[in-house]
Amino acid sequence: MSDPVDTSSPRKKGRTLSRFPYASPHSDGGMAVERLTDDLLVEILARLPVKSLCRFKCVSNHWLALIHHPEHRKKLPQPLAGFFYGSTTTSDSYSEWLLKSPVRFADFPGRCTPPIDTSCAFLPNHRRVHLLDCCNGLLLCRWYDASAQGDEFHYVVCNPATRKWTVLPDSGKAASEVATTRLGFDPAVSSHFYVFELINAHELWDPDIVGVAVYSSETRKWVYKEKKWNAEIRIINRQSASVFLNGYLHFVADCGGISVSPCLAVVDTEGETWMNFDVPRGLLDGFIQRSQGRLHYANFQRAEDGVTIRLVVYVLENYQSREWILKHSVDTSHIFGETDSQFGLDGDFEWIGIHPECNMIFFNFGWFITFTCYNMDSGQVKLISGLVDGKPPYMPYVPLYAELQSLHI
């Protein structure tokens, strides 16, 4: 039996590591690793992708303790902890992308991650909090002050891992003008975040997006820019996911006018770059997500025989060619065990997410709302748990333990 892991404190600064178990004690590599201090090792580990970091937990008990220590978590990349989601009692399938209280959280069994405060109880003096978006560890919420009248609210960006938060100034746009509000944050690029308000002409009779208001935590100001897409853009489904990647907000939209023509709409953080281009094969109701640093698009597609249905995953090659590369394709009967499966074409299937670091797809299917994982590499399907009364939207959450100057009370 292996010794228990002590995560209470790392070794003193400057002490060297015990011998690296995979290197010969007489090799240059073994001697080099012996001379590494814990501080230097953490700096090296901080530059690794999450997938590699998880592997290094198996090197030794000391490395495991080093990676899990609370002080070192501030520097080290973290794995996917789970997904925020709503319930049938609080979610409206046809309303906007938000989660009303009480927000629920689905984690992975056996993960050694601190519990997630889904109620945002650390936010003071509030009647209720609605979760609007989640991006790389930060949450965007509507914060209803206890002293406010009616439905008056403020935007709050917070970090549940550090319990730090900040209130945003008013954008000057009426709530009825805002089609949806999304969060953009990439800690690998900048410690600052962005909030996007997509503004429509009229909520009912003219839902076309006419511009975007962007808040920058660096300038602490909102900037409004009129739209510069070369098509009329409107949101197809307010509960569809958006992706912040490469400094752009991406979302699936309709740019067809009279008939629905799905496209990908893109805008940058300054409202200067606007792009819209076709989704793979014009497939309706697709699902976008960031994974391994690239934009992924998943959907269901009928095979040439007109009967077989396949789950397909595409990756955007680049913004210049706007070409989508087929990454994965599998017969749905392999996943769901039914040769004539209609999942994805009826109401028995819901996308949850694509793993940010691995080739895994998460989804719900069936009457009992089963949280399921499909591994694109191995082809294995794993039932994770049941989500009682689970309803979209589902928001992936990766903890962030770093202290951000942009979050302050």
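Residues numbered from 1 in each chain as written. Predicted model: local features only at pLDDT ≥ 70, side-chain atom pairs only at ≥ 80, totals over all residues. Heavy atoms only, no water.

- Where an unreviewed UniProt entry is consulted, the protein chain appears under the name F-box domain-containing protein, with the organism given as Aegilops tauschii subsp. strangulata.

1. Comments concerning the pattern of salt bridges
Then, number 1: In the structure shown here, the tally under the stated rule is 6 salt bridges.
Then, number 2: Its salt-bridge partner being K164, residue E403 comes within 3.1 Å of it at the nearest N-O pair. Highlighted residues: E403 in the segment after β24 (390-397) and K164 in strand β6 (residues 164-167), separated in sequence by 239 residues.
Then, number 3: For E403, a relative accessible area of 44% corresponds to the partly exposed category. (Salt bridge = Lys/Arg side-chain N within 4 Å of Asp/Glu carboxyl O. Helix = DSSP H or I, 4+ residues; strand = E, 2+ residues; numbered from the N terminus. Buried < 20%, exposed > 50% of the residue type's maximum accessible area, 1.4 Å probe, protein only.)

2. Considerations on the sheet that holds strand β4 (residues 138-145)
Picture the strands of a sheet paired through backbone hydrogen bonds; they go either parallel or antiparallel.
Then, number 1: One open sheet accounts for 4 strands, arranged β3-β4-β5-β6; its pairing is antiparallel. At either end of the open sheet lies a strand with only one pairing partner, and these are β3 (126-135) and β6. Strand after strand, the sheet turns through a mean of 25 degrees between neighbouring axes, direction not considered. (Pairing = 2+ DSSP bridges. Axes fitted to C-alpha atoms, helices over the stretch in contact; angles between N-to-C directions.)

3. What to know about the side chain of H355
Then, number 1: Locating H355 in the fold gives a position in the loop between β20 (349-354) and β21 (360-365).
Then, number 2: When near neighbours in sequence (up to four residues on either side) are disregarded, H355 contacts L80, R290, S291, M360 and F362. (Contact = heavy atoms within 4.5 Å.)

4. Notes on the pairing of β6
Then, number 1: Sheet topology note: the strand β5 (residues 154-159)/β6 ladder contains 4 bridges and is antiparallel. Looking at the pairing, V156 lines up with V167 of β6.
Then, number 2: In this antiparallel pair of consecutive strands, β5 and β6, the connection spans 4 residues, and R163 shows a positive phi of 65 degrees.

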